[in-house]
Amino acid sequence: MTILSCKNLNKNYGINVILENITFSINEGDKVGLIGPNGAGKSTLFKILTNQLDYDSGELFIDKNKKLGYLSQHLSLDSNNTIYEEMLSVFNEIIDLENKIVDLEMKLNEPYDASKADYHDKIIKDYTLYTELYNNRGGYTYKGEISKVLKGLGFTEGDYNKSINILSGGQKTRVALCKLLLNNPDILLLDEPTNHLDLEAIEWLEEYLKGYKGTIVIISHDRYFLDAITNKTMELLNSHISFYDGNYTKFIEFKKKDYENKLKAYNLQQEELKRQEEIIERYRSFNREKSIKAAESRQKTLDKIERLQSPDKDPNGAKIKFKTSITSGNDVLHIENLSKSFEDKHLFSNISFDIKRGEKVALIGENGRGKTTLFKIIMDKIESDGGIKVLGKNVFIGYYDQEQSDLNGDKTIIDEVWDDFPNMTTTEIRTSLAAFLFKGDDVFKPICKLSGGEKCRINLLKLMLSESNLLLLDEPTNHLDIMSREALEDAILEYDGTVLVISHDRYFLNKVIDKIYELKEDEAKEYLGNYSYYIEKKKNPHRFIHEEEQEGKTKTQIHQEKKKKREAEKLEKEKKLKIKSIEDEIADKESYLVELQKKLCLEEIYSDPQKSEEVNKEILNVEKELEELYTQWEGLL
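Residues numbered from 1 in each chain as written. Predicted model: local features only at pLDDT ≥ 70, side-chain atom pairs only at ≥ 80, totals over all residues. Heavy atoms only, no water.

S.K.: Sorry, what's going on with unusual backbone geometry here?
M.R.: Only a minority of non-glycine residues have a phi that is not negative, and only a minority of peptide bonds are not trans. In this model, asparagine 21 sits at a positive phi of 50 degrees, which is unusual for a non-glycine residue. Of note, asparagine 21 is situated in strand β2 (residues 16-27). The class for asparagine 21 is partly exposed, based on a relative accessible area of 41%. Despite not being glycine, glutamate 467 has its phi angle at roughly 55 degrees, a positive value. (Helix = DSSP H or I, 4+ residues; strand = E, 2+ residues; numbered from the N terminus. Buried < 20%, exposed > 50% of the residue type's maximum accessible area, 1.4 Å probe, protein only.)

S.K.: Explain the sheet that holds β2 here, please?
M.R.: Picture the strands of a sheet paired through backbone hydrogen bonds; they go either parallel or antiparallel. The sheet built from 3 strands is open, its strands ordered β2-β1-β4 with antiparallel pairing. The sheet is open, and its two edges are formed by β2 and β4 (57-62), each paired on a single side. Neighbouring strand axes in the sheet, compared pairwise and without regard to direction, differ in orientation by 15 degrees on average. With 5 bridges joining them, strand β1 (residues 2-13) and β4 adopt antiparallel strand pairing. Bridge pairing in β4 links serine 5 to phenylalanine 61. Those strands touched by helix α1 (residues 42-49) are β1, β2 and β4, and its axis lies near 120 degrees from that of β1. (Pairing = 2+ DSSP bridges. Axes fitted to C-alpha atoms, helices over the stretch in contact; angles between N-to-C directions. Contact = heavy atoms within 4.5 Å.)

S.K.: Even after reading the chapter, I still don't get helix α9 (residues 248-286), so can you show me in this structure?
M.R.: Each α-helix winds once per 3.6 residues, and so residues spaced three or four apart point in a common direction. Over its 39 residues, α9 extends 57 Å from the first C-alpha to the last, a length consistent with the 57 Å expected when each residue adds 1.5 Å. Buried residues of α9: Tyr248, Phe251, Lys255, Tyr266, Gln269, Leu273, Gln276, Ile279 and Ile280, and no others. Residue asparagine 287 follows α9 closely and has a positive phi angle near 55 degrees. (Expected span 1.5 Å × (residues − 1).)

S.K.: Is there a simple way to think about the sheet that holds strand β3 (residues 31-35) in this case?
M.R.: As summarised here, the arrangement of the 6 strands in space is β5-β6-β7-β3-β8-β9, forming an open sheet in which the pairing is mixed. The open sheet terminates on both sides in strands that have one partner only, identified here as β5 (68-71) and β9 (240-245). Taken over all neighbouring pairs, the strand axes of this sheet differ in orientation by 15 degrees on average, direction set aside. Relative to strand β6 (residues 187-191), β5 runs parallel, the two being bridged by 4 bridges. Within β6, the residue paired with leucine 71 across the bridge is leucine 190.

S.K.: Help me out: how do you make sense of the packing of helix α12 (residues 413-420) against helix α13 (residues 426-435) in this one?
M.R.: Axes are the key here: two packed helices are described by the angle between their axes and the distance separating the axes. Orientation of α12 relative to α13, taken along the N-to-C sense of each, is 120 degrees, at an axis distance of 11 Å. By the criterion of interaxial angle, the relationship of α12 to α13 is oblique. When the axes of α12 and α13 are compared, the crossing they make is right-handed. Only Thr426, Ile429, Arg430 and Leu433 of α13 make contact with α12, whose side of the interface consists of Ile413, Ile414, Val417 and Trp418. (Parallel < 35°, antiparallel > 145°, perpendicular 65-115°, else oblique. Left-handed = near helix turned anticlockwise from the far one by under 90°.)

S.K.: Please explain the packing of aromatic side chains as it appears in this structure.
M.R.: Two numbers describe a pair of aromatic rings. These are the distance of the centres and the angle of the planes. With the rule as written, the count across this model stands at 15 aromatic pairs. With centroids separated by 5.2 Å and ring planes inclined at 40 degrees, the aromatic side chains of phenylalanine 91 and tyrosine 142 adopt a geometry described as tilted. Taken as a pair, phenylalanine 91 in the loop between α2 (83-88) and α3 (92-108) and tyrosine 142 in helix α5 (residues 142-152) lie far apart in primary sequence, 51 residues in all. With respect to burial, phenylalanine 91 and tyrosine 142 carry one shared label: buried. With a centroid separation of 6.2 Å and 85 degrees between ring planes, the pair formed by tyrosine 248 and tyrosine 507 is classed as edge-to-face. Of this pair, tyrosine 248 sits in helix α9 while tyrosine 507 is found in helix α16 (residues 506-512), placing the two residues 259 residues apart along the sequence. In this structure tyrosine 248 comes out as buried when scored by relative accessible area, which is 2%. Among the aromatic residues, those joined into a ring-pair cluster are Tyr224, Tyr527, Tyr531 and Tyr534. The positively charged end of arginine 174 is found above the aromatic ring belonging to phenylalanine 155, 4.5 Å away from the centroid. A cation over an aromatic ring shows up here: arginine 457 above the ring of phenylalanine 438, its NZ or CZ 4.6 Å from the ring centre. (Phe/Tyr/Trp six-rings, centres within 6.5 Å; stacked < 30°, edge-to-face > 60°. Lys NZ or Arg CZ within 6 Å of the ring centre and 35° of its normal.)

S.K.: Could you clarify how one ought to interpret the domain arrangement of the chain in this entry?
M.R.: How big an interface is tends to be reported as the loss of accessible area on association of its parts. Once the domains are mapped, the chain shows domain 1 (1-67 + 185-246), domain 2 (82-167), domain 3 (254-304), domain 4 (331-549) and domain 5 (575-635). Averaged C-alpha coordinates put domain 1 and domain 2 at centres separated by 35 Å. Counting residues at the interface gives 5 residues for domain 1, matched by 5 residues for domain 2. Here domain 1 and domain 2 share an interface that buries about 420 Å² over both sides, 75% of which is from carbon and sulfur atoms. Taken as a group, Ala201, Trp204 and Tyr208 account for 82% of the area that domain 1 buries against domain 2, more than any other trio of residues on that side. For the interface between domain 1 and domain 2, the tally reads 0 residue pairs in polar contact (both at pLDDT 80 or more). A breakdown of the residues in the side of domain 1 that touches domain 2 according to their chemical character gives 5 nonpolar, no polar and no charged. (Domains from an automatic or database assignment. Buried area = accessible area lost by both parts, 1.4 Å probe. Polar contact = N/O pair within 3.5 Å; in protein donor to acceptor, adjacent residues only side chain to side chain. Nonpolar A, V, L, I, M, F, W, Y, C, P; charged D, E, K, R; others polar.)

Following this line, the structure appears as structure tokens:
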């Protein structure tokens, strides 16, 4: 049954088209992922669905018998209540029933007066009715549900009595999400619900939403989260919306196939239209009555053909490519028995680990455990309370700050980058900014006016230009849309330096990471694999023991073998890239050779001995270059 739908919905801001002919239908129980680039209009659509914004034209249907709940990405929850009082406010009706039942229980304990039999009968009848209502509405379970949701989203019992007014923005958003889940609306609209959640809370929310009986529409850039929950996907791109069956991964497969089919159909039609136009032109050139009539007849047929539109392309993402100016030593970072506390807050102690050149390592752990603090200790921005931190030879650190605190809000974009890299020319700076989607007058925007995603791109550009050989990345995918996340992942995979990253993005961790350290209060526990390996190992610690012990081999031996395997995989990848590069060059040379051979057939060339000789010499040169390229190509196979 359709519970929510739009038909030809339009929304403009002045001359800017935000939403155009938006049409979709969502059935009861669907779990839908809404994706698209930053600024595509996803949050605008949510605000229209919740009557916070008007639409210009079209039709909107929401089942009037269904309760709709909305979590905004930029929520500001203001309340004088404590966290627990705010949760209790969801259950005011149950609490009223509770008070009535208590009052009736007191009356039931009054001595029975036969002259007031009707009064006593009414009390018994009301008590039976109210207790039944109380039970049916979850009166005996609502306090347990409150604790389950609060703890699931990262609050401890010690937090329950904290005033909401003293909480951070992220904590307020979590409180709002708790309240929304407890309200249990029929239609749940969630805009980036995993922001401000640590991995444990994200996993809890994931399981909760999997079992949610209502309809859910989620705006998210967390691809792992979308894969786990959704069964439908809507993509908002270039003001239009497309609807697909399946989660994010299925959507990618469908979209690729759909695009290829549409492009093929479009190109075939373009070829046929061109062929028909050439025939019509030829008929007209004969300039005879019969041929002119034939041309007119074909033209009428041609005019009736419904033209296919060229399929939308994804907008270009930032062109990220990390490189190193100098190679570091093999031992990049040594941490031994490190500890840190702030007054009465103990973060960690006895932390020890080593990172080698070329490794891609993730640092994960609960919020507040000190992951960012550890990064600052590595960079000598703060001191540890004890232990050893040693950077290897020729190690140069590039740091990505999730808070963007190193950006000066008073500067323009171009000055922010240029001041850090003063030796670059104007052309070099403008070209680099353009590669990160800052073009034209955009480069003169002040930093303070930028979105979170735009600030992220500036910091990524500065990181790229630094040519550091050790990247410390603190939540680098926050605020980035899916397209930018994928560009960043590809850049890290191709990077020949070392990476240590803090991230809650499980899709990212699966794709680029080959080792994980889980930061705990008294250790950094090592997992030699990506996020999926880490989860499997946590669930079943003995599953990989036989594989890891490998007939009595030591942990060091196993680690060295895995390192050799990674190096072999890296060399294989480099070889494949080299083969691809040579193949592309061969294709270009062969195309050029065909053009040269065509030239020899031109009268102005073959009738002029000098020109003919020049073209022949160029053909010989290209043939020689092709022979060398083929030799290189065969040598790599």
